[in-house]
Amino acid sequence: MSHITLAQQGIAAVDARRWDEAITKLSTALQTSQNPNWLIARSKALVGAKRFEEALDDANLAWHNAYSRNKRDALAEAQYRRAVAYFRLKQYANADCCCIYSMRVIKGHPAVEKQDPADKLADENRFWMQTLDDALQESKDEEKDGRTEGGIAAALGDGGSKVSKEWRMASAMRLQILSAMEKLPKDDPARKVSTSLKPPQKKLADLQSGDQPEAAKSTAGSNTTTSTAPVAPPTVPADAPMRLQDFQNDTTMSVSIFSKGNKKDELQVDILPTSVTLNPIIHPSGDAKLFRLELWGEVDVETSKYTITPSKVELSLRKKTPGKWPQLKAEETRAGQGNESSEAAEEERLKLETLKEARKKAMEAADKAQTQSTTSTTKTGGPAYPTSSRSGPKDWDKLADDSDHEEDDGVNTFFKKIYKGATPEQQRAMMKSFTESNGTSLSTDWNDVKDRTVETKPPEGVEAKKWD
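Residues numbered from 1 in each chain as written. Predicted model: local features only at pLDDT ≥ 70, side-chain atom pairs only at ≥ 80, totals over all residues. Heavy atoms only, no water.

- The name recorded for the protein chain in an unreviewed UniProt entry is SGT1, from Sarocladium strictum.
- Looking at the Sequence similarities (unreviewed entry) heading of the UniProt record, one finds this comment for the protein chain: "Belongs to the SGT1 family." (UniProt positions renumbered as here; feature names shortened; annotations may be inferred.)

1. Topic: the overall build of the protein chain
Right, on to step 1. Along its length, the protein chain carries 15 helices and seven strands.
Right, on to step 2. For the protein chain, the proportion of its 468 residues judged to be buried stands at 37%.
Right, on to step 3. Carbon and sulfur atoms provide 49% of the accessible area of the protein chain, an area that totals close to 27600 Å². (Helix = DSSP H or I, 4+ residues; strand = E, 2+ residues; numbered from the N terminus. Buried < 20%, exposed > 50% of the residue type's maximum accessible area, 1.4 Å probe, protein only. Areas by Shrake-Rupley, 256 points an atom, 1.4 Å probe, with all protein chains shown as cover.)

2. Digging into the packing of aromatic side chains
Right, on to step 1. The final tally for this structure, using the stated rule, is three aromatic pairs.
Right, on to step 2. Ring centres 5.1 Å apart and planes at 5 degrees place the aromatic pair W63 and Y67 in the stacked group. Taken as a pair, W63 and Y67 lie in helix α4 (residues 52–69) at a separation of four residues, close to a single helical turn.
Right, on to step 3. With relative accessibility at 1%, the residue W63 sits in the buried group.
Right, on to step 4. Its relative accessible area of 41% is what places Y67 among the partly exposed residues.
Right, on to step 5. Residues W296 and W325 carry aromatic rings whose centres are separated by 6.2 Å and whose planes lie at 45 degrees to one another, so their mutual orientation is tilted. A residue pair is termed long-range when its members are at least 10 positions apart, and W296 in the loop between β5 (288–294) and β6 (305–308) and W325 in the loop between β7 (312–318) and α12 (337–373) qualify at 29 residues. (Phe/Tyr/Trp six-rings, centres within 6.5 Å; stacked < 30°, edge-to-face > 60°.)

3. Things to note about the nonpolar core
Right, on to step 1. Core analysis: the largest hydrophobic core is formed by 64 residues, its most contacted members being V14, L26, F87, Y92, W128, M173 and I177.
Right, on to step 2. Of the residues forming this core, the biggest block, eleven residues, is contributed by helix α6 (residues 92–106).
Right, on to step 3. Setting aside residues up to four positions removed in sequence, M173 forms contacts with Y80, A83, V84, F87 and C99. (Core = buried A, V, L, I, M, F, W, Y, C linked by side-chain atoms within 4.5 Å. Contact = heavy atoms within 4.5 Å.)

4. Re the sheet that holds strand β1 (residues 243–248)
Right, on to step 1. Strand order across the open sheet formed by four strands is β1-β2-β7-β6, with antiparallel pairing between neighbours. In this open sheet, the two strands that pair with only one neighbour each are β1 and β6. Along the sheet, successive strands turn relative to each other by an average axial angle of 15 degrees, direction set aside.
Right, on to step 2. As paired elements, β6 and β7 share four bridges and run antiparallel to each other. Considered in β7, the bridge of K305 is made with S316. (Pairing = 2+ DSSP bridges. Axes fitted to C-alpha atoms, helices over the stretch in contact; angles between N-to-C directions.)

5. Points about the pairing of strand β3 (residues 268–272)
Right, on to step 1. Residue alternation in β3 divides its side chains into a buried set, V269 and I271, and an unburied set, Q268, D270 and L272.
Right, on to step 2. The pairing of β3 with strand β4 (residues 275–282) spans five bridges and is classified as antiparallel. Each residue of the ladder has a partner; that of D270, found in β4, is T277.
Right, on to step 3. Linking β3 back to β4 in an antiparallel pair, the connection comprises two residues.

6. Brief notes about the pattern of salt bridges
A pair can form between side chains of opposite charge whenever their charged atoms are brought close.
Right, on to step 1. Tallied over the full model, the rule gives 13 salt bridges.
Right, on to step 2. Close ionic contact of R51 with E54 constitutes a salt bridge, the shortest N to O distance being 2.8 Å. The same class applies to R51 and to E54, which are both buried.
Right, on to step 3. Within the structure, one salt-bridge network assembled from shared partners comprises R18, E21 and K25. (Salt bridge = Lys/Arg side-chain N within 4 Å of Asp/Glu carboxyl O.)

Here you go:
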């Protein structure tokens, strides 16, 4: 089994929180290539296994390998993993410092700056001066910048949405760190910074050949019987993910699907407007079965192409609409998305309730105005607001138009607000559902609305009519 396949299986085990399996497989793969993303994954697994010192060593080594390969996304994530390891080691000043390093890389600062940012954030004795209030204010400032079309997302263009999320993760981590640090005495060692922008570097630890925590070593030492039986090769899970690699320009999305042993005359590739199916293709487990790739955007089937080789399938997908896609797949598959999906569902429910409430209030305001019109007249006999109105008498011939405009403005303002804060996929769902339902439904779930026409659902007591 190749080291790449082992690494993929190790990363899948990290996502499934099978820490020991992930450490074993990633350790084997890292003996061949010290890929920074694999080191980051093993650092995460080591934290899950409560091996915090080793997790820190892997995060430090990941930073050096990412720096040598000029991978900025891995540099930022390596600093974040350093922060997590320091936090678990209860070295709070070091943890907060590494969060700041990560956030600065995300915002475009050099990976190695002329002056370490920590020098300005610690006193002469290296005690950390940042507080929870400082972190909260920085988070609010970034949110304000985002609303005025500045901030991270605007500065980094097409990739802004993804890195903005990474920035918020580090910002949220800071709140946990500084909240814990505030409970410590002023002279506690955990408040003192001992790390630096460029981390120390150790050789790769071969965690399969005896580099274990002290507790594990003492347990192993108590056993006087040494096993010489050969270690069985790890079994590849049937659901191990396919390895994909993609790059794009404004007109084309190119995708490499790595799979060994495919036969050109047997593999059927079908390119559809929003998906690609390959059947049967060899999966990492060795099974030959169907693989379906759901695409983020639409492609032109006629001009898209594919090439089959014994080791991979190359797709050249022509975009239906020119422009950069934020991601290849229609849905992200990052670890922990289960929690995010439930949060998204709750967020959608609240948005729909708010929309219904806004429309209800607008209708109540119109009804109230209509009731008042029957008891109010102007000096010339025309209908008017009561004379106690702040704005004075008004012509009721214009009131209906004004009321309609106010209702439209309220709904439009509300729609624009939630639309601006949504992901590209949610925006597509909102536009489709709101337009097709004639403004009576609003959904942020693209998977729910993409393949159906959203029906008009008028408020209770109101009948929808078509006008010629």
